[in-house]
Amino acid sequence: MTAKSNAIKEQSWQIGNSGLDYSMPGVPNHRGGLHPLTIIRREIDEVFLSMGFEIAEGPDIEDEFHNFDALNTPADHPSRNLADTFYMEGGKLLRTQTSTVQIRVMESFKPPIRIISPGRCYRNDKPDPSHSPVFHQVEALVVDKGISMSDLKDTLQSFVAIMFGGRVRSRIRPHFFPFTEPSAEMDISCVVCGGSGCRVCKQSGWLEMGGAGMVDPNVFDTLGIDSELYTGFAFGLGIERIAMLKYNIPDMRILFENDLRMLRQFRGEGQ
Ligand code: DAH
């Protein structure tokens, strides 16, 4: 007998005496999964990357300049109120919107600009089915010569069609934001009833998706971008809203409680 087979024999004798039963089935090693918000955020990234956007990031801890002043928000605007914004020591605050990243990108880069910026935002809101003090938005900004409202509508419709399916329509309605002129609110046709009216869309056939508009020339002027030469559009979407619609989640708080019975339903999705 060769030395090798002797060694194997010796080893199997040891195993036989170790008290272990090697014929027993293995203990399953449960696989983790991605959080639904992560799955949706990655999906959103993919859609915009495929449309030629780049991903930009900015800090969660901001200052008044990036969160308000440079976004053309007057000193007495209600959103600056202590009741809405978490202020910190030394003039810092937790950003209330990802629109801050528009400013940071335009400070550092010259047009043409075509970015999205997904990230966390903070507002002093009590948790309820549609509010959370921590939530996520994705901001989009496109700046170039000759950008118009129709580019905004087209980008929005393409995004909605990929995200929710080709039958879902989008529309914009006049609204007001300090940093866009004109400003609009974006709706999509109800993904539950298709627009005929149901409980989810409160019989209106439409669901609100976020804010949008043409970048206000004041914002360009603050950042030294020639507002005679360049125009741009911007929008901000709520990521929780998209996740809740896609996965039929009735209450935003479910997304933050991390109950394993909920999380397990997403195991294996979006890997
Ligand atoms: N930042 C706004 C909010 O949190 C959403 C928004 C509105 C973003 C208009 C935009 C925009 O980029 O153009 O309510």
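Definitions and cut-offs
Residues numbered from 1 in each chain as written. Predicted model: local features only at pLDDT ≥ 70, side-chain atom pairs only at ≥ 80, totals over all residues. Heavy atoms only, no water. Buried < 20%, exposed > 50% of the residue type's maximum accessible area, 1.4 Å probe, protein only. Helix = DSSP H or I, 4+ residues; strand = E, 2+ residues; numbered from the N terminus. Pairing = 2+ DSSP bridges. Near = heavy atom within 4 Å. Polar contact = N/O pair within 3.5 Å; in protein donor to acceptor, adjacent residues only side chain to side chain. Areas by Shrake-Rupley, 256 points an atom, 1.4 Å probe, with all protein chains shown as cover. Nonpolar A, V, L, I, M, F, W, Y, C, P; charged D, E, K, R; others polar. Axes fitted to C-alpha atoms, helices over the stretch in contact; angles between N-to-C directions. Parallel < 35°, antiparallel > 145°, perpendicular 65-115°, else oblique. Left-handed = near helix turned anticlockwise from the far one by under 90°. Contact = heavy atoms within 4.5 Å. Salt bridge = Lys/Arg side-chain N within 4 Å of Asp/Glu carboxyl O. Patch = residues over 30% accessible without salt bridge, like charges linked within 9 Å, V, L, I, M, F, W, Y side chains within 5 Å.

Caption draft 1: Geometry of the pairing of strand E9 (residues 231-238). Here E9 lies mainly inside the structure; 6 of its 8 residues are buried. Bridge analysis of strand E5 (residues 134-144) against E9 gives 8 bridges, and the strand direction is antiparallel. Opposite Leu141, over in E9, you have Ala234 as the bridge partner. Here strand E8 (residues 206-215) pairs with E9 via 5 bridges, running antiparallel. Counterpart to Gly211 in the pairing with E9 is Gly236.

Caption draft 2: A look at the site of the ligand. In the region of the ligand, 15 residues are neighbours, and Gln97, Ser99, Arg123, Gln137 and Glu139 sit closest. Ser99 has a polar side-chain atom sitting 3.0 Å from a nitrogen atom of the ligand. Its free accessible area being 360 Å², the ligand has 90% of it covered by the protein chains. Among the elements of the structure, E5, E8 and E9 are those that each provide at least two residues to the shell around the ligand. In terms of residue class, the shell around the ligand is built from 5 nonpolar, 8 polar and 2 charged.

Caption draft 3: How the structure looks around the packing of helix H2 (residues 36-50) against helix H5 (residues 149-164). Running from amino to carboxyl end, H2 crosses H5 at an angle of 130°, the nearest separation of the two axes being 10 Å. The angle between the axes of H2 and H5 places the two elements in the oblique class. For the pair H2 and H5, the sense of crossing is right-handed. Residue-level inspection shows Ile40, Glu43, Ile44, Val47 and Phe48 of H2 in contact with H5, the latter providing Thr155, Phe159, Ile162 and Met163. Of the residues that constitute the contact of H2 with H5, the class distribution is 7 nonpolar, 1 polar and 1 charged.

Caption draft 4: Quick look at the pairing of strand E7 (residues 180-189). Extensive coverage of E7 is indicated by the burial of 8 of its 10 residues. Across 7 bridges, the pairing between strand E6 (residues 170-177) and E7 is antiparallel. When the bridges of E7 are listed, Ile172 appears paired with Met186.

Caption draft 5: How the structure looks around the pattern of salt bridges. All chains considered together, the criterion is met by 12 salt bridges. Between Asp45 and Arg41 there is a salt bridge, with its nearest N and O atoms 3.8 Å apart. Residue Asp45 and its partner Arg41 are located together in helix H2, separated by 4 residues, close to a single helical turn. Looking at Arg41, the relative accessible area reads 31%, which means it is partly exposed.

Caption draft 6: Representation of the side chain of Thr85. Relative to the elements of secondary structure, Thr85 occurs in the loop between helix H3 (64-67) and strand E3 (92-94). Residue class for Thr85 comes out buried when judged on its relative accessible area of 1%. For Thr85, the side chain forms a polar contact with the main-chain oxygen of Ser79, separated by 2.7 Å. Not counting chain neighbours up to four residues away, the residues in contact with Thr85 comprise Phe68, Ser79, Arg80, Leu93, Leu94, Thr96 and Asn124.

Caption draft 7: The arrangement of helix H7 (residues 239-247) in detail. Taken across its 9 residues, H7 has 7 buried, putting it largely inside the fold. Listed in full, the buried residues belonging to H7 are Ile239, Glu240, Ile242, Ala243, Met244, Leu245 and Tyr247. Backbone geometry just downstream of H7 places Asn248 in the positive-phi region, at approximately 60°.

Caption draft 8: View of a nonpolar patch on the surface. A contiguous nonpolar patch, built from Ile15, Leu20 and Tyr22 and spanning about 330 Å² of accessible area, is present on the exposed surface. With respect to the element layout, Ile15 can be found in helix H1 (residues 3-16). Looking at Ile15, the relative accessible area reads 37%, which means it is partly exposed.

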